[in-house]
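Fold and contact review
Each chain, letter by letter, is given below.
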Amino acid sequence: MGLVSLSAEAAGLDAQSALVSPDPPDTVLGMVLKAFFPTCCTLADSGLLVGRWIPEQSSAVVLAVVHFPFIPIQVKELLAQVQQASQVGLVVLGTWCHHKQEPEESLGHFLEGLGTIFSHEPWLQLCWEKGSKFWSCKATHQQSSTIPGVPIEDHVMLIFYDQRKVLLSYLHPPTVLPDCQAGDATASAEGLAAIFDTVSRSEALFCKNQFDEDPVRLSHWQSEGLEASILVELAKKASGPVCLLVACLLSLVSAASACRLWKLWPLPFIASKFSTCEQLRHRFEHLTLVFSTQKARGPAQLMRKANMLVSLLLDVALGLTLLSWLHSSNRIGQLADALIPMADHVAEELQHLLQWLMGAPAGLKMNRALDQVLGRFFLYHIHLWISYIHLMSPFIERILWHVGLSACLGLTVALSILSDILALLTFHIYCFYVYGARLYCLKIYGLSSLWRLFRGKKWNVLRQRVDSCSYDLDQLFVGTLLFTILIFLLPTTALYYLVFTLLRLLVVTVQGLIHLLVDLINSLPLYSLGLRLCRPYRLAAGVKFRVLEHEAGRPLRLMMQINPLPYSNVVHTYRLPTCGCHPKHSWGSLCRKLFFGELIYPWKQKGDKQD
């Protein structure tokens, strides 16, 4: 047996091909018909083939086998009930004969006579010959024959499929390859989707099996009894009240957060700058969607809910693990005792750095007056910061204890609090960076304006462009004087700006790594990845066909197997959205802002244009 990977188009799901062969005297050859037969019905007793006929694809999808004995009117009533429940046009496609024993002579005549009771064009006749691996497949047309009394017989391509896997799988839209025509790929995807859709929407038919007391006995993928789990059924029963209770609690929290007190300035501004508030708001949206009482409208939304639920559970589990680690062996007290000496060490290193800048750093000749002013200004800020840290030292252990307790809300909340604490502890570095950046930016823009003055141009504020302008001698003299002063003071300012920008970038890098970890936990589709690992057929990217039999004079028999979705496509398709409160600068935008002294904020600004 060979393994053949075919697309839906190569398997002939969207096209018909006529076979030219000598016409037998009693039949007329027709087109190629595709019959999809479930593997679970290969050992079923003889009976009727029940399924759906897809005329656009010339395909017959067999869903179940109705066993003898039966009453035709009861079979028709059953199909009408299932069709009303599933909106799938189910019909009797033909007959199935399994020669496990010597068949009765009247069985063949009886099967042939069923075509007059259940009129369907074409009429399938599938038979597994006794003591052989060969199959007999026929598809005849009685009413559409051009020759009276001579039926048209189609050639049948028998395709076996695993009914349970097809029922539980979700077929994703294919990616059109560069060498494929878009129209052909779309038609192939539609033909394959019709097969999957027929099986997935026929669950009402699969609720009945051959052990029921109903007068009509069926064989399908649940022929041995309904597949179910007591734990799953209990979870389904309890999910409704739990979702209703949690939804009520979330509505109360939402009503409390909508109070006008929280909208008074500057509370909204402060909340927008702390990543902890953004993360709590993001997780609250996840909880609202997961515990919503509305049923998911499709497999994609159901998968999104499952990914959010698994992400929440993993986040809380990691947070509880961190909480247990922090409260064991008095690690919070150890962190509190090490925090004050660490802050003193950082302040001492900053003082040494400023003293180095106030001298002759790297042998550079600085403007001594400006150098001394800036150095003493920053030293005074460091003194204020150390005093503030020592003032807060008696309360640091209690603050860390409450921060550790917040880990029960999830590891992402604890990491967001850690990022905010880091921002507060390095607030003096941020102040140094802002002072240096503003002073450097002022000089850069002043030099650019004076450079336009030398060229006889000026910036037109109304039209937002550079226009020509004539200056008198006094204006040129004052401009030259200011330009000379700024150009000689620029190296001193640029050195301070460079040093504090590097320190600020170091802090932003650490915060960026923390935010990257938070976004990874928030957005990673863990449920989809676990499903792809344990049950890859649930996420279908397409199908492949394995040849079972290909001999002259015998119908072509294929086995349809599901191609799982690649892991990269799983992450790309089911990745959850993040809170998006952090800016994402390109390298060009970042370098431009650093060169011109524009501030780099750790949060997203309104009206920011991302390159």
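How each quantity is defined
Residues numbered from 1 in each chain as written. Predicted model: local features only at pLDDT ≥ 70, side-chain atom pairs only at ≥ 80, totals over all residues. Heavy atoms only, no water. Salt bridge = Lys/Arg side-chain N within 4 Å of Asp/Glu carboxyl O. Helix = DSSP H or I, 4+ residues; strand = E, 2+ residues; numbered from the N terminus. Buried < 20%, exposed > 50% of the residue type's maximum accessible area, 1.4 Å probe, protein only. UniProt positions renumbered as here; feature names shortened; annotations may be inferred. 1 Å grid on protein atoms, 1.4 Å probe; cavity = no way out; pocket = protein on both sides within 12 Å on 5 of 7 lines; lining within 4 Å. Points joined across faces, edges and corners; volume = space filled by probe spheres on them. Nonpolar A, V, L, I, M, F, W, Y, C, P; charged D, E, K, R; others polar. Pairing = 2+ DSSP bridges. Contact = heavy atoms within 4.5 Å. Core = buried A, V, L, I, M, F, W, Y, C linked by side-chain atoms within 4.5 Å. Axes fitted to C-alpha atoms, helices over the stretch in contact; angles between N-to-C directions. Parallel < 35°, antiparallel > 145°, perpendicular 65-115°, else oblique. Phe/Tyr/Trp six-rings, centres within 6.5 Å; stacked < 30°, edge-to-face > 60°. Lys NZ or Arg CZ within 6 Å of the ring centre and 35° of its normal.

Points about the pattern of salt bridges
Under the defined criterion, the tally for this structure stands at four salt bridges. The partner of Arg283 in a salt bridge is Asp315, with the nearest N and O atoms 3.3 Å apart. Of the two residues, Arg283 sits in helix H8 (residues 275-290) while Asp315 sits in helix H9 (residues 299-326), which places them 32 residues apart along the sequence. Asp315 sits in the buried class, given a relative accessible area of 1%. With a closest N to O distance of 3.4 Å, Glu598 and Arg592 form a salt bridge.

Focus: the UniProt feature "transmembrane region" (unreviewed entry) in the protein chain
UniProt's feature table lists "transmembrane region" (unreviewed entry) at residues 306-326, 373-391, 403-426, 475-499 and 505-529, given in the numbering used throughout. Secondary structure content for residues 403-426 is 75% helix and 0% strand, and the end C-alpha separation is 18 Å. This span, residues 505-529, is 92% helix and 0% strand, and a straight line between its end C-alpha atoms measures 35 Å.

Points about the layout of surface pockets
The volume enclosed by the second largest pocket comes to roughly 1,300 Å³. For the second largest pocket, the lining is made up of 39 residues, of which Leu339, Leu418, Ile421, Leu422 and Leu425 are closest to its centre. At the level of secondary structure, the elements contributing two or more residues to the lining of the second largest pocket comprise H9, helix H10 (331-357), helix H11 (368-392), helix H12 (396-405), helix H13 (411-425), helix H14 (427-454) and helix H15 (473-523). Take the lining of the second largest pocket: its biggest share by element is eleven residues, from H10. Residues of the lining of the second largest pocket, tallied by class, amount to 32 nonpolar, five polar and two charged.

Thoughts on the pairing of strand E3 (residues 47-54)
Summarising burial for E3: six of the eight residues are buried, a large majority. Relative to strand E4 (residues 59-67), E3 is paired through eight bridges, and the arrangement is antiparallel. Within the sheet, the bridge partner assigned to Leu49 lies in E4 and is Val65. As consecutive antiparallel partners, E3 and E4 are separated by four residues, and within that stretch Ser58 has a phi angle of approximately 50°, a positive value. Here five bridges tie E3 to strand E5 (residues 91-98), and the two strands are oriented antiparallel to one another. Residue pairing in the sheet places Leu49 in a bridge with Gly94 of E5.

Considerations on the environment of Asn460
Of note, Asn460 is situated in strand E11 (residues 457-460). Other than its neighbours up to four places away in sequence, Asn460 contacts Arg465 and Asp467.

As for the nonpolar core
Ranked by size, the top nonpolar core spans 42 residues in total, and within it Val61, Leu63, Val66, Val75, Tyr161, Val199 and Met560 carry the most contacts. With five residues, the top contributor of residues to this core is helix H4 (residues 182-200). Discounting chain neighbours no more than four positions away, the residues touching Met560 are Phe36, Ile159, Phe160, Tyr161, Val166, Val543, Lys544 and Phe545. Formed by 20 residues, the second largest nonpolar core is a distinct cluster that contains Val62, Leu93, Leu124 and Leu126.

Quick word on the packing of H14 against helix H18 (residues 587-596)
Closest axis-to-axis distance for the H14/H18 pair is 8 Å, and the angle between their directions is 85°. The angle between H14 and H18 places the two elements in the roughly perpendicular class. Along its contact with H14, which presents Tyr440, Cys441, Ile444 and Tyr445, the element H18 presents Leu594, Phe595 and Phe596. In terms of residue class, the contact of H14 with H18 is made up of seven nonpolar, no polar and no charged.

Observations concerning the packing of aromatic side chains
Summed over all chains, the structure comprises 15 aromatic pairs. Measuring from ring centre to ring centre gives 6.1 Å for Phe37 and Phe160, while their planes differ by 90°; the resulting arrangement is edge-to-face. Pair noted here: Phe37 is in strand E2 (residues 28-38) and Phe160 is in strand E8 (residues 152-161), with a separation of 123 residues, a long-range link. Aromatic side chains Phe454 and Phe483 sit 5.2 Å apart centroid to centroid with 75° between the ring planes, which places their arrangement in the edge-to-face category. Note that Phe454 is positioned in helix H14 and Phe483 in helix H15, a separation of 29 residues in sequence. Through successive ring pairs, a cluster of aromatic residues spans Phe377, Phe378, Phe432, Tyr435, Tyr496 and Phe500. Here the basic side chain of Arg398 rests over the ring of Trp401, its NZ or CZ set 5.8 Å away from the ring centre. Lying over the aromatic face of Tyr567, Arg532 brings its terminal NZ or CZ to 4.5 Å of the ring centre.

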